[in-house]
Amino acid sequence: MTRGNQREKDRERAAARNGGKGKNKEDGLTPEQRRERDAKALQEKLAKKAAQGSGGGGADSTNKK
């Protein structure tokens, strides 16, 4: 029994399980818009982490070995 197209069939089955959604980079944005969106998300993430870190005492950040 040959298995030449096993990978392709498995991809089809996985797509069917996921409802057809998969690795699709086509979100309607230009690379520049995507870069701006990602930069904004990163800034928000860093601000949230900084706010969380400053209120918690900072024991984790000072005791690194």
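Anything mentioned here points back to the structure above.
Residues numbered from 1 in each chain as written. Predicted model: local features only at pLDDT ≥ 70, side-chain atom pairs only at ≥ 80, totals over all residues. Heavy atoms only, no water.

**Things to note about the overall build of the protein chain**
Working step 1: A tally of helices and strands in the protein chain yields three helices and zero strands.
Working step 2: Order of helices (α) and strands (β) in the protein chain, N terminus to C terminus: α-α-α.
Working step 3: Each of the 65 residues in the protein chain was classed as buried or not, and the buried ones make up 2%. (Helix = DSSP H or I, 4+ residues; strand = E, 2+ residues; numbered from the N terminus. Buried < 20%, exposed > 50% of the residue type's maximum accessible area, 1.4 Å probe, protein only.)

**Quick look at the environment of Leu 29**
Working step 1: Relative to the helices and strands, Leu 29 resides in the loop between helix H1 (6–17) and helix H2 (31–55).
Working step 2: A residue is classified by how much of its surface remains accessible, and Leu 29, at 30% relative accessible area, is partly exposed.
Working step 3: In contact with Leu 29, not counting residues within four places along its chain, are Arg 34 and Arg 37. (Contact = heavy atoms within 4.5 Å.)

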